[in-house]
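Chain residues, written in single-letter form:
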Amino acid sequence: MTHADLQALFDAQYQASRAQVDVPLLVRRERLLRMRKLLDEHGPTLAAAVQADFGVRSQRLTEIADMFVLRSLIGHTLRHLARWMKPQRVGTPLYLQPASAMILRQPLGVVGVVAPWNYPVQLALAPAITALAAGNRVMIKPSELTPHTSAQLAQLLAQFFTPEEVCVVQGDATVASAFSALPFDHLVFTGSTAVGRKVAQAAAANLTPTTLELGGKSPCIIDASCDLKDAALKIAHGKLLNAGQTCIAPDYVLLPRGQEAAFAESFRAAVAQLFPRIAGNPDYASIISPRHLARLRTMVQQAQTQGADVQNMDPAPGESPTPQAAVQDGGTSRQMAPVLVFGATSGMQLMQEEIFGPVLPVISYERLDDAITHINSGPRPLALYWFGNDTTVRDDVLRRTVSGGVTVNDTLMHIAHDGLPFGGVGDSGWGAYHGEQGFLRFCHQKSVLVQSRWAMGHLFYPPYGPRFDQVMGLLRRLF
């Protein structure tokens, strides 16, 4: 796609958004219903495209992690949209009465969405759904690492929406850079912190507000009061969903010193329960590309070379893929076995950047203060997980740490709550969406004051004199 093509698509949406500033509830609902119809009729097609891009990724995984999340979001939005759209009455202070005040929630105009490859359907369409609910037009730039999914999204969205409503832009990083430089009314980016900085800089040239969801090193704190086996199972699930290629996956574990062997045993049992084998298992996703796999292996090798204890968690390390899978490969060679790393230090690569794979460092701590200090010494994470039964300790951790979101005694689940805003803080991003928070993110909240014919504002007009002094004296006594 040339720059002229990209500009033409944007111009068409821009003109349409300015021609219809007031988008009625019925129009917004009908667009959401079309999106739901797309998912209902073509969900399996999209899941097959995701599987083709990954090589190995169960269509059932895409159903729960992409399709179910989107259907839940649409249902929640349809139920609450009428209320969200209503003008919000605001109380008027005494000195402005009898005027009235309200806030009108209006569409911004054209919203751009730069989507990542790890959940290529959900993270392309979830912001688009909320932006449509807010009355906007949407342009989507999917990742070039998922070309089958990107092509299917482009084809299907073109069937269900006009280009002035929703369109998909396909292309490589050069196209993504040009896309980010368009003068959107809002731009959503999901991806790495490094690329997020570039996107923010490109958007700033147009004074385009952004929502950046950037990930980071999300810790799991295990308290001495927790059920270690239960915690290990939930951590394993959160870490190994999509083979760790999840922005809010547990990135490392903070464990009370002396429980290392018990945790390793519990984690190994959890892996075996979830994935009886790794190689050839359709439920265990492959790493997206050879380059990403090489990066993960380099991390592990460096840690081992520098003295870390690296433990392979493959429950059946001697088994090879099924004969059919071995012949077709289809990504089975990129199914990386889960790895625990004990004794990781701050100088190792796997403790300096988001891992985004099935490698889990375990850091031992003596006191809770040590764990909190470790977290607060680095960039603020997108998610934090705490496991335990001592509510006093839990509340202490919640008060003394800052993260985008938290799940207590589980992982990932806060993202599934449509009533909770989802977003990062600091290096893990800014801005939050999902539910009403997302709706407001894609709205302009216009302040309106309606003056009354009985207004007394003239009391504040010049020329100033004794009457003005009397009025101000009265107000000083009142306030």
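Residues numbered from 1 in each chain as written. Predicted model: local features only at pLDDT ≥ 70, side-chain atom pairs only at ≥ 80, totals over all residues. Heavy atoms only, no water.

A. Quick peek at the overall build of the chain. On a plain count of helices and strands, the chain comes out with 15 helices and 18 strands. Its C-alpha atoms put the chain at 90 × 55 × 35 Å along the principal axes. Among the 479 residues that make up the chain, the fraction classed as buried is 51%. A fraction of 76% describes how many contacts in the chain between residues 6 or more apart in sequence connect residues 24 or more apart. Summed over all atoms, the accessible surface of the chain reaches about 21200 Å², with 56% contributed by carbon and sulfur. Distance between charge centres in the chain, computed from 41 positive and 39 negative side chains, equals 9 Å. (Helix = DSSP H or I, 4+ residues; strand = E, 2+ residues; numbered from the N terminus. Buried < 20%, exposed > 50% of the residue type's maximum accessible area, 1.4 Å probe, protein only. Contact = heavy atoms within 4.5 Å. Areas by Shrake-Rupley, 256 points an atom, 1.4 Å probe, with all protein chains shown as cover. Lys, Arg positive; Asp, Glu negative; His and termini not counted. Charge placed at Lys NZ, Arg CZ, Asp CG, Glu CD.)

B. Inspection of the nonpolar core at higher detail. Residues I235, V253, F263, F267, L340 and L350 are the most contacted members of the largest nonpolar core, which totals 69 residues. Broken down by element, this core gets its largest block of residues, 6 residues, from helix α8 (residues 228–240). Once residues lying within four places of it in the same chain are set aside, the contact partners of L340 are F263, A264, F267, D309, V310, Q311, M313, L360 and V362. Within the second largest apolar cluster, 46 residues are counted, among which are A115, L125, A126 and F439. (Core = buried A, V, L, I, M, F, W, Y, C linked by side-chain atoms within 4.5 Å.)

C. Broad picture of the pairing of strand β2 (residues 100–107). Direction of pairing for strand β1 (residues 88–90) relative to β2: antiparallel, over a ladder of 3 bridges. Residue pairing in the sheet places R89 in a bridge with M102 of β2. (Pairing = 2+ DSSP bridges.)

D. View of a nonpolar patch on the surface. Judged by side-chain polarity, L94, Y95, L96, L449, L474, L478 and F479 come together as a nonpolar surface patch covering roughly 710 Å² of accessible area. Position of L96 among the secondary structure elements: in the loop between β1 and β2. L96 sits in the partly exposed class, given a relative accessible area of 32%. (Patch = residues over 30% accessible without salt bridge, like charges linked within 9 Å, V, L, I, M, F, W, Y side chains within 5 Å. Salt bridge = Lys/Arg side-chain N within 4 Å of Asp/Glu carboxyl O.)

E. Expanded view of the packing of helix α2 (residues 25–54) against helix α4 (residues 122–133). Running from N to C, α2 and α4 cross one another at 155 degrees; their axes reach a closest spacing of 8 Å. Judged on the interaxial angle alone, α4 and α2 are roughly antiparallel. Contacts between α2 and α4 involve R28, R31, L32, M35 and L39 from the first element and L125, I129, L132 and A133 from the second. (Axes fitted to C-alpha atoms, helices over the stretch in contact; angles between N-to-C directions. Parallel < 35°, antiparallel > 145°, perpendicular 65-115°, else oblique.)

F. Representation of the confidence of the model for the chain in the model. For the chain, per-residue confidence averages 94 on the pLDDT scale, and 97% of positions sit at 70 or higher. Predicted confidence is poor over residues 321–328, with pLDDT under 50, and the contacts of this stretch with residues over four places away or in other chains come to 6 contacts. (pLDDT = per-residue confidence, 0-100.)

G. Local environment of the sheet that holds strand β18 (residues 443–450). With respect to topology, 3 strands assemble into an open sheet ordered β1-β2-β18, the strand pairing being antiparallel. In the strand order of this sheet, the two ends are held by β1 and β18, each with one partner. For this sheet, the mean angle separating the axes of adjacent strands, direction not counted, is 25 degrees.

H. Up close: the sheet that holds strand β11 (residues 339–342). Taken together, 7 strands build an open sheet; the order of strands is β10-β11-β12-β9-β8-β13-β14 and the sheet is mixed. Single-partner strands in this sheet number two, and they are β10 (309–312) and β14 (405–408). Neighbouring strand axes in the sheet, compared pairwise and without regard to direction, differ in orientation by 20 degrees on average. One ladder, built from 4 bridges, connects β11 with strand β12 (residues 359–365); its direction is parallel. Bridge pairing in β12 places F342 opposite V362.

I. Broad picture of the environment of A194. Secondary-structure assignment places A194 in helix α7 (residues 193–204). Judged by its relative accessible area of 49%, A194 falls in the partly exposed class. Sequence separation between A194 and Q97 is 97 residues, and the spatial gap between their C-alpha atoms is 50 Å.

J. Region of interest: the packing of aromatic side chains. Taken as a whole, this structure holds 11 aromatic pairs when the rule is applied. With centroids separated by 6.0 Å and ring planes inclined at 80 degrees, the aromatic side chains of Y95 and F479 adopt a geometry described as edge-to-face. Of this pair, Y95 sits in the loop between β1 and β2 while F479 is found in the segment after α15 (466–478), placing the two residues 384 residues apart along the sequence. Taking the relative accessible area as the measure of exposure, Y95 reaches 46% and is therefore partly exposed. Judged by relative accessible area, F479 falls into the exposed class, the value being 63%. Judged by centre distance (6.4 Å) and plane angle (80 degrees), the ring pair of F422 and Y433 falls under edge-to-face. Of this pair, F422 sits in strand β15 (residues 422–423) while Y433 sits in strand β17 (residues 432–433), and the two are 11 residues apart along the sequence. (Phe/Tyr/Trp six-rings, centres within 6.5 Å; stacked < 30°, edge-to-face > 60°.)

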